[in-house]
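What follows is the residue order along each chain.
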Amino acid sequence: MVSLPVPLALLLDVDGPIASPVTRDVQPRIITDLLRLATAGIPVIFNTGRSDTFIKEQVMDPMIAAGMSPETKIHAICEKGAVWFSYTSDGATPLHVDSSLAVPKAFADDIRTLVTQDYASHMFFDETKHAMVSVEQRLDVSTADYTAEQKRFDAQALELMTRHGLSALRVDPTIISTDIESVRLGKDLGASRAVELLAAAHIVPQGWRTVGDSRTDYAMADWLHHHDHEVKHVDVRPADGVPDKPYQILTAADLGLDPDVIHDEAGAAFLAKWLDMMVG
């Protein structure tokens, strides 16, 4: 089969750029613009630490309800590369889970017990994960209160890891959660899976746009640049500091927006810009 060149592919973190870190849901205008871009032939691929359940409920179902065409396919790489699936208007394909990257069950059970006994007033154990262990901030808890408890939890999680002899795991805190995961997981693994998924369909992007809200999200663009793909990275929360990289980094300021425009508001603005460029 002849390869199909496309002008652009989008590789998107979900929490922050697409889903609000405050409400955890996705604005209807973001769903609409993602759908229009995908319908126009621009590959849309999610590269997230979130579970397949979250993507199905917060992104896939709304896109299908909005009128997704039968020819449109979206890819979702979840749990930082450990889990992946695709979906069309008919729903999701079978789920792929790399069990070699899964956290041992006994350790996951101990973390669940720790959360239930000591931290349930501030966070909850995410039961939808297949490979990672994730503990997330409750919606009724303030950021300041959660952050204080998160530090205590992270320290105890590290102690449990040592007790279980799990040197191949790491604790990765975010602004709304803590992920405990294989050291082999990451947004770079997700990027490699994204390229593989498009290559299997003989799709060759002439350029990539990666989008994230944390320093770890730069690993998407790092991997693509290292493997000779043209890439620009969008940082929707640059206040953490923009690192020096060999590729272009974009922020809301590049769209003429106020620096206070962050997270899904910035993500929505970039989607609208790309939609205007690609579709008009």
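What comes next concerns the included structure. (Residues numbered from 1 in each chain as written. Predicted model: local features only at pLDDT ≥ 70, side-chain atom pairs only at ≥ 80, totals over all residues. Heavy atoms only, no water.)

## Describing the overall build of the protein chain
- Check the secondary structure of the protein chain and you find 7 helices and 15 strands.
- Along the first, second and third principal axes, the C-alpha atoms of the protein chain reach 55 × 45 × 40 Å.
- Out of the 280 residues in the protein chain, the part that is buried amounts to 52%.
- By sequence separation, contacts in the protein chain at least 24 residues apart represent 64% of the contacts at least 6 residues apart.
- For the protein chain, the distance from the average site of its 24 positive side-chain charges to the average site of its 41 negative ones is 2 Å. (Helix = DSSP H or I, 4+ residues; strand = E, 2+ residues; numbered from the N terminus. Buried < 20%, exposed > 50% of the residue type's maximum accessible area, 1.4 Å probe, protein only. Contact = heavy atoms within 4.5 Å. Lys, Arg positive; Asp, Glu negative; His and termini not counted. Charge placed at Lys NZ, Arg CZ, Asp CG, Glu CD.)

## Observations concerning the pairing of strand β13 (residues 208-212)
- A large share of β13 lies buried, amounting to 5 of its 5 residues.
- Of the two faces of β13, the one lined by Trp 208, Thr 210 and Gly 212 and the one lined by Arg 209 and Val 211 are each fully buried.
- In terms of strand pairing, strand β2 (residues 9-12) meets β13 through 4 bridges, oriented parallel. Note on β13: the bridge partner recorded for Leu 12 is Val 211.
- Both β13 and strand β14 (residues 231-235) contribute to a ladder of 5 bridges, which runs parallel. Of the residues in β14, the one forming a bridge with Gly 212 is Asp 235. (Pairing = 2+ DSSP bridges.)

## Some thoughts on the packing of helix α1 (residues 28-39) against helix α7 (residues 263-278)
- Viewed as axis vectors pointing N to C, α1 and α7 meet at an angle of 30°, and their least axial separation amounts to 10 Å. As summarised for this structure, α1 and α7 are arranged roughly parallel, according to the angle between their axes. Handedness of the α1/α7 crossing: left-handed. Contacts from Arg 29, Ile 30, Asp 33, Leu 34, Arg 36 and Leu 37 in α1 reach Asp 264, Glu 265, Ala 268, Leu 271, Ala 272, Trp 274 and Leu 275 in α7. (Axes fitted to C-alpha atoms, helices over the stretch in contact; angles between N-to-C directions. Parallel < 35°, antiparallel > 145°, perpendicular 65-115°, else oblique. Left-handed = near helix turned anticlockwise from the far one by under 90°.)

## Structural notes on unusual backbone geometry
- Unusually for a residue other than glycine, Arg 24 sits at a positive phi of about 75°.
- Mapped onto the elements, Arg 24 comes out in the loop between β2 and α1.
- Within the chain, Lys 80 stands out as a residue other than glycine whose phi angle is a positive 55°.
- Secondary-structure assignment places Lys 80 in the loop between β4 (74-78) and β5 (83-88).
- Take Lys 80: its relative accessible area is 7%, and that puts it in the buried class.

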